[in-house]
Amino acid sequence: KQEVTQIPAALSVPEGENLVLNCSFTDSAIYNLQWFRQDPGKGLTSLLLIQSSQREQTSGRLNASLDKSSGRSTLYIAASQPGDSATYLCAARISDMRFGAGTRLTVKP
Amino acid sequence: DVKVTQSSRYLVKRTGEKVFLECVQDMDHENMFWYRQDPGLGLRLIYFSYDVKMKEKGDIPEGYSVSREKKERFSLILESASTNQTSMYLCASTLGRGVQAFFGQGTRLTVV
């Protein structure tokens, strides 16, 4: 069974900092890895999807990388803003879709 | 844009009731999923479905069943609701295995 782990569980940074969130998975035979954002009490919003054949994807201030062989993905957020405060989750897709427990990010003004 | 709609945002039910949570997607997606989310436990997979009338158990299927009679609709059924099923329930859909997943807004179920 695929196990997905996210480190750190929580992170607090001042506005403007660049930061990295980590995701690791145990089974490298994934179809894709997806990063989501979740605001309190809400559903999940997709941020970036990396196919198994890709190494990275970028959207605005966000950059996600994937290293299948080592079972790792990172989400890089540049120039963080208070509006980035949320929980970030990664999901690895094989036949089903498995999630990490998330990283709760707080960006202080 | 793909839309995944869950029938209720908030639901309060009594112990022992049969509860139906509905999820509808409007983009002809083949794969649909039901998760529950609890503090400290993250998202746990209850059931998923590859296509109409197909279903697979996830990690925590006990106490739940599902129905997928039409492609756009995936229903989660709590046969006899219990207080330990109080949770946030999230539905997701994807066109296939290699593409983006979309989530509904979630249903916060309280069983009293």
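Preceding block: the structure.
Note that the structure is a prediction, hence the values are computed from the model and not measured. Each chain has its residues counted from 1, running along the sequence as written. Written order determines the labels here, with chains lettered from A and ligands numbered from 1. This being a predicted model, a pLDDT of at least 70 is required before a residue's local features are given, and a value of 80 or more before pairs of side-chain atoms are given or counted; all residues contribute to the totals for chains, interfaces and linings. Based on all heavy atoms of the structure, the side-chain values leave hydrogens and waters out of the count.

Trainee: Describe the nonpolar core, naming the residues involved and giving the relevant values.
Mentor: Ranked by internal contacts, the top residues of the largest apolar core, which has 23 residues, are A:Leu33, A:Trp35 and A:Leu75. Within the residue set of this core, elements represented by two or more residues are β3 (19-25), β4 (32-38), β5 (44-51), β7 (62-67), β8 (72-77), β9 (86-93) and β11 (103-108) of chain A. Buried residues of nine kinds, namely Ala, Val, Leu, Ile, Met, Phe, Trp, Tyr and Cys, make up a nonpolar core once their side-chain atoms join them within 4.5 Å. Each residue is placed in one exposure class: buried if its accessible area under a 1.4 Å probe, protein chains only, is under 20% of its type's maximum, exposed if it is over 50%, and partly exposed if it falls in between. Judged by nonpolar contacts, the second largest core, of 20 residues, contains B:Tyr47, B:Val66, B:Ala81 and B:Leu109. Helical segments are the DSSP runs of H or I of at least four residues, strand segments are the runs of E of at least two, and each set is numbered from the N terminus.

Trainee: Describe the sheet that holds β7(A), with residues and values.
Mentor: All names here are of chain A. If you walk across this open sheet you meet the five strands as β1-β3-β8-β7-β6, and the pairing is antiparallel. What marks the edges here is a single partner per strand, and that holds for β1 (4-7) and β6 (56-59). Averaged over all pairs of adjacent strands, the angle between their axes in this sheet comes to 15°, without regard to strand direction. For two strands to be treated as a pair, DSSP must find no fewer than two bridges joining them. Here an angle of 0 to 180 degrees is reported between the N-to-C directions of two axes, which are lines fitted to C-alpha atoms, with helices fitted over the stretch in contact.

Trainee: Got a sec to walk through the state of the cysteines? Specific residues and values, please.
Mentor: Our working definition of a disulfide is a cysteine sulfur pair at a distance within 2.5 Å. Applying the stated criterion to the full structure yields two disulfides over all chains. Paired by a disulfide, A:Cys23 and A:Cys90 hold their sulfur atoms 2.0 Å apart. When the S-S torsion is 85°, as for the bridge of A:Cys23 with A:Cys90, the disulfide is right-handed. Of this pair, A:Cys23 sits in strand β3 while A:Cys90 sits in strand β9, placing them 67 residues apart in sequence. One disulfide in the model links B:Cys23 with B:Cys91; its S-S distance is 1.8 Å. Between B:Cys23 and B:Cys91, the disulfide has an S-S torsion of -75° and is therefore left-handed. With B:Cys23 in strand β3 (residues 19-25) and B:Cys91 in strand β9 (residues 87-94), the pair connects residues that are 68 residues apart, well separated along the chain. Taken as a pair, B:Cys23 and B:Cys91 share a single burial class, namely buried.

Trainee: Hey, could you go over the interface of chain A and chain B for me, with residue numbers and the actual values?
Mentor: Taken residue by residue, the interface counts 22 residues in chain A and 24 residues in chain B. Buried area is a sum: the accessible area each of two parts loses on coming together, probed at 1.4 Å, counted once for each and added. A buried area of about 1800 Å², summed over both sides, lies between chain A and chain B, and 52% of it is on carbon and sulfur atoms. Summed over the three residues of chain A that lose the most area to chain B, namely A:Leu44, A:Arg93 and A:Met97, the buried surface amounts to 27% of that side. We define a salt bridge as a side-chain nitrogen of Lys or Arg found within 4 Å of a carboxyl oxygen belonging to Asp or Glu. For the pair chain A and chain B, the number of links is two salt bridges. Of the charged contacts, one joins B:Asp59 and A:Arg98 as a salt bridge, the two residues approaching to 2.1 Å between their closest N and O atoms. When checking whether two residues touch, look at their non-hydrogen atoms; a contact exists if any pair is within 4.5 Å.

Trainee: Explain the environment of A:Asp84 residue by residue, including any values.
Mentor: Residues and elements named next belong to chain A. Within the secondary structure, aspartate 84 is located in the loop between β8 and β9. Classification of aspartate 84 by relative accessible area gives buried; the value is 8%. The spacing of aspartate 84 and lysine 108 is 24 residues in sequence and 9.9 Å in space, taken between C-alpha atoms. Those residues in contact with aspartate 84 that sit more than four places away from it in its chain are Arg37, Arg61, Ile77, Leu105 and Val107. At 2.9 Å, the side chain of aspartate 84 and the side chain of arginine 61 are in polar contact. Any N or O atom pair separated by 3.5 Å or less is treated as a polar contact, with the protein-specific requirement of one donor-capable and one acceptor-capable atom, and with residues adjacent in sequence counted only for side-chain atom pairs.

Trainee: How would you summarise the layout of surface pockets if you had to cite specific residues and measurements?
Mentor: Points on a 1 Å grid, built from protein atoms alone, make a cavity when a 1.4 Å probe fits but cannot get out and make a pocket when they are open with protein on both sides within 12 Å along at least 5 of 7 lines; residues with an atom within 4 Å of a point are the lining residues. Grid points are joined across faces, edges and corners, and a volume is the space filled by probe spheres set on the points. Estimates place the volume of the largest pocket at around 560 Å³. Lining the largest pocket are 24 residues, with A:Gln38, A:Thr87, B:Gln37, B:Pro39 and B:Gly40 sitting closest to its centre. Counting only elements with at least two residues in the lining of the largest pocket, the list comes to β9 and β11 of chain A together with β4 (31-38) and β9 of chain B. In terms of residues, the lining of the largest pocket owes the most to one element, β9(A), which gives three residues. Roughly 200 Å³ of internal volume is contained in the second largest pocket. If you trace the second largest pocket, you find 16 residues lining it, with A:Arg98, A:Phe99, B:Leu43, B:Arg44 and B:Asp59 closest to the centre. With four residues, strand β5 (residues 42-49) of chain B is the largest single contributor of residues to the lining of the second largest pocket. Three categories are distinguished: nonpolar for Ala, Val, Leu, Ile, Met, Phe, Trp, Tyr, Cys and Pro, charged for Asp, Glu, Lys and Arg, and polar for the others, with Gly belonging to the last. Of the residues contributing to the lining of the second largest pocket, the split by class is eight nonpolar, three polar and five charged.

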